[in-house]
Amino acid sequence: MSIIYNENMDISDWDNKEIVNVLLAHKKISQKKLIEMLSKERNEDLPQSTFANQLWRNSLRLSEFQQICDVLGYKIILEPKS
């Protein structure tokens, strides 16, 4: 696992599942609640099995990851390596 700087995390070597699990833990919400939030945001049903498989296979698209961050109240910042 990478280093946490204040409230910023270096997630360069993490997979989808690790990132989403940390975000959920920080927000103290379940994966089920996240799926409900995403379904509402998208105005379509998101099956839990589909979401779980995307995490397991590390196959979230960037747009999906951006939406997860948005509904959880996070933003994505890229910065040059030091």
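Now for a description of the structure that goes with this document. Please read all numbers here as calculations on a predicted model, not as lab measurements.

**Some points on the pattern of salt bridges**
Working step 1: The tally for this structure, following the rule as stated, stands at 1 salt bridge.
Working step 2: Measuring nitrogen to oxygen at the nearest pair gives 3.3 Å for the salt bridge that ties Arg61 to Glu64.
Working step 3: What makes Glu64 buried here is its relative accessible area of 8%.

**Some words on helix H3 (residues 48-56)**
Working step 1: Taken together, the buried positions of H3 are Phe51, Gln54 and Leu55. Axial view of H3: buried residues confined to an arc of 100°, hence all on one face.
Working step 2: Structurally, H3 contributes buried residues whose contacts are with helix H1 (16-27), helix H2 (31-42) and helix H4 (62-72).
Working step 3: Once H3 finishes, Asn58 follows within two positions and takes phi at roughly 55°, a positive value.

**Some details on the side chain of Gln67**
Working step 1: Relative to the helices and strands, Gln67 is located in helix H4.
Working step 2: Using a relative accessible area of 19% as the deciding quantity, one classes Gln67 as buried.
Working step 3: Here the side chain of Gln67 touches Arg42 through a polar contact of 2.6 Å, side chain to side chain.
Working step 4: Contacts of Gln67, omitting those with residues within four sequence positions, involve Leu38, Glu41 and Arg42.

**Quick word on the nonpolar core**
Working step 1: Val20, Leu34, Leu38, Phe51, Leu60, Ile68 and Leu72 are the most contacted members of the largest nonpolar core, which has 18 residues in total.
Working step 2: Those elements that place two or more of their residues in this core are H1, H2, H3 and H4.
Working step 3: Residues contacting Leu34, with those up to four places away along its chain left out, are Val20, Leu24, Ile29, Phe51, Ile68, Val71 and Leu72.

**Remarks on a nonpolar patch on the surface**
Working step 1: A contiguous nonpolar patch, built from Leu62, Ile76 and Leu78 and spanning about 350 Å² of accessible area, is present on the exposed surface.
Working step 2: Counting through the fold element by element, Leu78 comes out in the segment after H4.

**A look at the packing of H1 against H4**
Working step 1: With their axes 11 Å apart at the nearest point, H1 and H4 run at an angle of 10° to one another. The angle between H1 and H4 places the two elements in the roughly parallel class. Counting all contacts with H1, which are made through Ile19, Val20, Leu23, Leu24 and Lys27, the residues of H4 involved are Phe65, Ile68, Cys69 and Leu72.
Working step 2: Here the residues of the contact of H1 with H4 sort into 8 nonpolar, no polar and 1 charged.

About the cut-offs
- Residues numbered from 1 in each chain as written.
- Predicted model: local features only at pLDDT ≥ 70, side-chain atom pairs only at ≥ 80, totals over all residues.
- Heavy atoms only, no water.
- Salt bridge = Lys/Arg side-chain N within 4 Å of Asp/Glu carboxyl O.
- Buried < 20%, exposed > 50% of the residue type's maximum accessible area, 1.4 Å probe, protein only.
- Helix = DSSP H or I, 4+ residues; strand = E, 2+ residues; numbered from the N terminus.
- Arc of directions from axis to C-beta.
- Contact = heavy atoms within 4.5 Å.
- Polar contact = N/O pair within 3.5 Å; in protein donor to acceptor, adjacent residues only side chain to side chain.
- Core = buried A, V, L, I, M, F, W, Y, C linked by side-chain atoms within 4.5 Å.
- Patch = residues over 30% accessible without salt bridge, like charges linked within 9 Å, V, L, I, M, F, W, Y side chains within 5 Å.
- Areas by Shrake-Rupley, 256 points an atom, 1.4 Å probe, with all protein chains shown as cover.
- Axes fitted to C-alpha atoms, helices over the stretch in contact; angles between N-to-C directions.
- Parallel < 35°, antiparallel > 145°, perpendicular 65-115°, else oblique.
- Nonpolar A, V, L, I, M, F, W, Y, C, P; charged D, E, K, R; others polar.

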